[in-house]
Amino acid sequence: MQTKYVRLYSDAQGESHFEEVAVTLAPVNFSPPAAPLNFSSLFPATKCNLIGGSKDWRGDIPHPAPSRQLMCILQGEADVTASDGETRPFRSGDLLLVEDVTGKGHSSKYISDEDVLILTVALAE
């Protein structure tokens, strides 16, 4: 089984870019005696947070991420714009690995008609 997530990172010049990352999940005995599940270990984590915002929230001023983190949109939709000018929409169920902790950063805004709820997982360095 395969899935994917989007990575947002900074290059050596401080410009942020998006990249598609494919992940292969292999069957493992994750929780015996339950049947095997497809699994892939991703990253060591330090904490887990929920972020909520009203549908009119804007983060229009470009900024680097406060820490390396994996984000999953649980409710609503958001546009994220890398400093190279590319904008991508993220909807419920989408995963974004945010690694642009230096450089020009990114901007974001909520674009749905409902409030937005995001699960963030802070990653170990």
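Check the entry above for the structure.
Quick caveat: nothing in here was measured; it's all calculated off a predicted structure.

Calculation criteria
Residues numbered from 1 in each chain as written. Predicted model: local features only at pLDDT ≥ 70, side-chain atom pairs only at ≥ 80, totals over all residues. Heavy atoms only, no water. Pairing = 2+ DSSP bridges. Helix = DSSP H or I, 4+ residues; strand = E, 2+ residues; numbered from the N terminus. Axes fitted to C-alpha atoms, helices over the stretch in contact; angles between N-to-C directions. Phe/Tyr/Trp six-rings, centres within 6.5 Å; stacked < 30°, edge-to-face > 60°. Buried < 20%, exposed > 50% of the residue type's maximum accessible area, 1.4 Å probe, protein only. Patch = residues over 30% accessible without salt bridge, like charges linked within 9 Å, V, L, I, M, F, W, Y side chains within 5 Å. Areas by Shrake-Rupley, 256 points an atom, 1.4 Å probe, with all protein chains shown as cover. Salt bridge = Lys/Arg side-chain N within 4 Å of Asp/Glu carboxyl O. Lys, Arg positive; Asp, Glu negative; His and termini not counted. Charge placed at Lys NZ, Arg CZ, Asp CG, Glu CD. Core = buried A, V, L, I, M, F, W, Y, C linked by side-chain atoms within 4.5 Å. Contact = heavy atoms within 4.5 Å.

## Overview of the sheet that holds strand 11 (residues 106–110)
Move 1: Pairing is antiparallel across the open sheet formed by four strands, whose spatial order is 6-11-8-9. At either margin of the open sheet sits one strand with a lone partner, and together these are strand 6 (58–63) and strand 9 (87–91). Within this sheet the neighbouring strands show an average axis-to-axis angle of 15°, counted without direction.
Move 2: Strand direction decides the pairing type here: strand 6 and strand 11, joined by three bridges, are antiparallel. Each residue of the ladder has a partner; that of H63, found in strand 11, is H106.

## Topic: the pairing of strand 8 (residues 77–82)
Move 1: Pairing analysis gives five bridges linking strand 8 to strand 9, with the strands arranged antiparallel. Across the sheet, the residue bridging to A78 is F90, located in strand 9.
Move 2: Two successive antiparallel strands, strand 8 and strand 9, enclose a turn made up of four residues, where G85 displays a positive phi of approximately 100°.
Move 3: Alignment of strand 8 against strand 11, held across five bridges, turns out to be antiparallel. Bridge assignment links A78 to a residue of strand 11, and that residue is Y110.

## Quick notes on the packing of aromatic side chains
Two aromatic rings are characterised by how far apart their centres lie and by the angle between their planes.
Move 1: Tallying each qualifying case throughout the model produces four aromatic pairs.
Move 2: Taken together, a centroid distance of 5.4 Å and an interplanar angle of 35° make the contact between F30 and F39 tilted.
Move 3: By relative accessible area, F30 is classed as exposed at 51%.
Move 4: Assessed through its relative accessible area of 36%, F39 is described here as partly exposed.
Move 5: Here the aromatic rings of W57 and Y110 are separated by 4.8 Å at their centres, their planes lie at 40°, and the arrangement is tilted. With a gap of 53 residues between them, W57 in the loop between strand 5 (45–53) and strand 6 and Y110 in strand 11 connect regions that are remote in the sequence.

## Concerning a negative patch on the surface
Move 1: Together, D56, D113, E114 and D115 make up a negatively charged patch on the protein surface.
Move 2: Along the chain, the position of D113 falls in the loop between strand 11 and strand 12 (116–123).
Move 3: Exposure remark for D113: the relative accessible area of 74% places this residue in the exposed category.

## Observations concerning the nonpolar core
Move 1: Counting residues in each nonpolar core, the largest one holds 15 residues, and the members touching the most others are L8, F18, V80, F90, L96 and I118.
Move 2: Here the element with the most residues in this core is strand 8; it accounts for three residues.
Move 3: If we ignore the near neighbours within four places in the chain, the residues touching L96 are V6, L8, F18, Q69, L70, M71, V80 and F90.
Move 4: Among the nonpolar cores identified, the runner-up in size contains seven residues, and V23, L25, L70 and L97 belong to it.

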